[in-house]
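Structure assessment
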Amino acid sequence: MENLSSVSATPGPFWNDWRWQMKNRITDAAGLATYISLTSQQAEEIDQCLRQFRMAVTPYYASLMDPVNQSCPIRRQAVPATAETHLAPYELRDPLAEENSSPVPNLVHRYPDRVLLLATHMCSMYCRHCTRRRLVGQEDRAITLAELERVVAYIEANSQIRDVLISGGDPLCMGDAIVERIVARIRRIAHVQVIRIGTRVPVVMPMRITSNLLSMLKKYQPIWINTHFNHPRELTDKARAACAAIVDAGIPLGNQSVLLKGINDDAETMKQLLLSLVQARVRPYYLYQCDLSQGLSHFRTPVSKGVEIIQALTGNISGYAIPKFVIDAPGGGGKIPIGPEYVVAVEPDRLVLKNYAGDLFYYPNI
Ligand SMILES: *Cc1c(COP(=O)(O)O)cnc(C)c1O
Ligand code: SF4
């Protein structure tokens, strides 16, 4: 088989410029071949998948891929696989029924006190396991001013909303001025207490976390950020520096991972990931069961796998290193925590409890 190329691309003078990273994203098999070795058959398969789901990989993230190992956890999150075109019967286009909980375009209102604002469909890298793959990457457009005003009018009319989560897509793919327009407008709503930003840029394009961005965001505190590390190898020096800068700006930083088969579905890898996050001052928040989005069967593990991993870690590593394992219920039920069970029995006057080591204890239930 012909080997297209195995020459590794080396960082150039613009490597640390996020706009250069955005402009030079890899979008086809020929581009990938400067980072990883691909047979012509693999290249053809990739281009085939791209007719259904788009690819974009920042040069930075591509440089973390193992050039030869096809099961490299970085590579599997970024490079399309033929398995994506296989649809399982229980898979759904919109598994979280977000379109039914959307009172105005670009907004999902599922919980009483908080909303999800989809600020763009663009991302710096299109994760192969993305829940919103039906939308993400289809259109490179940010929310317009008129759309933002409709969202704001809805939030203003619903005074129970105290927490606005700005996500997408990845809102930090947009320039500072557009991000500021959105954040500043939301901040002017009197009853909004907390603004959250969901972004994967600390992982896939850490140079986006500039001092300009952070000094702008600091004006609109309290802001919280959640990012999306899935594997310990993603915590490079650059990624850790981006996390430190966010935390130094007074912005609490959390992490949401997705449980992915062959990437992080074993207790040892997950432990390394969680401990590395805590060392990088990032608080593990959620571990998601992989959603029922279409073409993700090759990433999905049984639910029991996640429970097993959380059980193996609970008690053995610091409590704040352990995320909540959740299933985002199909049909729009929201996130449901699925934990190992520590209550063995409920008797009329006492509980039978099991600790992390499996020892039994009684506690009066009065
Ligand atoms: C996840 C999510 C939120 C935020 O939920 P938290 O549990 O508070 O992090 C809000 N709205 C929607 C639609 C969500 O999916
Ligand atoms: S960054 Fe988030 S929204 Fe964008 S492709 Fe990845 S998982 Fe999807």
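Residues numbered from 1 in each chain as written. Chains lettered and ligands numbered in written order. Predicted model: local features only at pLDDT ≥ 70, side-chain atom pairs only at ≥ 80, totals over all residues. Heavy atoms only, no water.

Moving on, we come to helix α11 (residues 267-279). For α11, which comprises 13 residues, the first-to-last C-alpha distance of 18 Å matches the rise-based estimate of 18 Å (1.5 Å per residue) to within 8%. Considered for burial, the residues of α11 that qualify are T269, M270, L273, L274, S276 and L277. Seen from one end, α11 has its buried residues packed into an arc of 165 degrees, which puts them on one side. Buried-residue contacts for α11 involve β6 (253-258), β7 (283-288) and α12 (303-313). (Helix = DSSP H or I, 4+ residues; strand = E, 2+ residues; numbered from the N terminus. Expected span 1.5 Å × (residues − 1). Buried < 20%, exposed > 50% of the residue type's maximum accessible area, 1.4 Å probe, protein only. Arc of directions from axis to C-beta. Contact = heavy atoms within 4.5 Å.)

The next subject is the pairing of β7. Bridge analysis of β6 against β7 gives 5 bridges, and the strand direction is parallel. When the bridges of β7 are listed, S257 appears paired with L287. Once the chain exits β6 it traverses α11 before rejoining the sheet at β7, and the crossover so formed is right-handed. (Pairing = 2+ DSSP bridges. Right-handed = clockwise from strand over helix to strand, strands pointing away.)

For the rest of this paragraph, the subject is the sheet that holds strand β5 (residues 223-227). Read from one edge to the other, the open sheet built from 9 strands follows the order β1-β2-β3-β4-β5-β6-β7-β8-β9, with strand pairing classed as mixed. Looking at which strands have only one partner, the edges of the open sheet turn out to be β1 (107-111) and β9 (334-337). Put simply, the sheet's adjacent strands are angled 30 degrees from each other on average, direction ignored. On the sheet, helix α6 (residues 145-157) packs against β1, β2 (114-118) and β3 (163-167) and is oriented at approximately 25 degrees with respect to β1. (Axes fitted to C-alpha atoms, helices over the stretch in contact; angles between N-to-C directions.)

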